[in-house]
Amino acid sequence: GENRLDLLSLFLPKTYVFKTNKKIKGFFIDGLEAGAILSNEYQAGVELLKLKLSIGNKKIAIPTTNNLVKEFLKEIGFEKQFNLPKMQLGRKYDWRSEFIFNRGAGYCG
């Protein structure tokens, strides 16, 4: 719920958008540390993840509950290295881990 426009606008030149029928299905912010990938559709998220890997950005961090992406990464030869806790300040909120195909950066959520 925070306004991150000022921060995210710095990374727009290195942002890729996946569209189907003129509707945005996901995006990849390459310049944002590990390269944030968010998508509300599995295929779009995987295609953006493939793009990220194809340009040499191999650092991947996903929620442990995103089993479909875990399986995809295992199929292409990735192995789990370690777990990191999800940190949160304030009240708990519902979040959709299946929409996270790669974390961006810990310093900005």
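Heads up: the structure comes first, above all this text.
Fair warning: this is a prediction, and the values are worked out from it, not measured in the lab. (Residues numbered from 1 in each chain as written. Predicted model: local features only at pLDDT ≥ 70, side-chain atom pairs only at ≥ 80, totals over all residues. Heavy atoms only, no water.)

As for the pattern of salt bridges
Under the criterion given, the structure shown has seven salt bridges. The salt bridge partner of Glu47 is Lys50, with a shortest N-O separation of 3.4 Å. Of this pair, Glu47 and Lys50 both sit in helix α2 (residues 42-54), separated by three residues, roughly a single helical turn. A residue is classified by how much of its surface remains accessible, and Glu47, at 30% relative accessible area, is partly exposed. Look at Lys50 and you get partly exposed, because its relative accessible area is 39%. Here Glu71 makes a salt bridge to Lys74, at a shortest N to O gap of 3.6 Å. One end of the pair, Glu71, and the other, Lys74, are both in helix α3 (residues 67-75), three residues apart, so they sit about a helical turn from each other. The partly exposed category is assigned to Glu71, whose relative accessible area is 41%. Salt bridges sharing common partners tie together Glu33, Lys59 and Arg103. (Salt bridge = Lys/Arg side-chain N within 4 Å of Asp/Glu carboxyl O. Helix = DSSP H or I, 4+ residues; strand = E, 2+ residues; numbered from the N terminus. Buried < 20%, exposed > 50% of the residue type's maximum accessible area, 1.4 Å probe, protein only.)

Thoughts on the packing of α2 against α3
Where α2 contacts α3, the two axes come as close as 11 Å, and the packing angle between them is 40°. What the angle tells us is that α2 and α3 run oblique. In terms of crossing hand, the pair formed by α2 and α3 is right-handed. Judged by residue contacts, Tyr42, Val46, Leu49 and Lys50 of α2 engage Leu68, Val69, Phe72 and Leu73 from α3. (Axes fitted to C-alpha atoms, helices over the stretch in contact; angles between N-to-C directions. Parallel < 35°, antiparallel > 145°, perpendicular 65-115°, else oblique. Left-handed = near helix turned anticlockwise from the far one by under 90°. Contact = heavy atoms within 4.5 Å.)

As for the sheet that holds strand β3 (residues 36-39)
Pairing is antiparallel across the open sheet formed by four strands, whose spatial order is β1-β2-β3-β4. In this open sheet, the two strands that pair with only one neighbour each are β1 (15-20) and β4 (100-102). The average angle at which neighbouring strand axes cross in this sheet is 20°, direction not considered. (Pairing = 2+ DSSP bridges.)

From the geometry alone we can't say anything about function, so treat these as descriptive.
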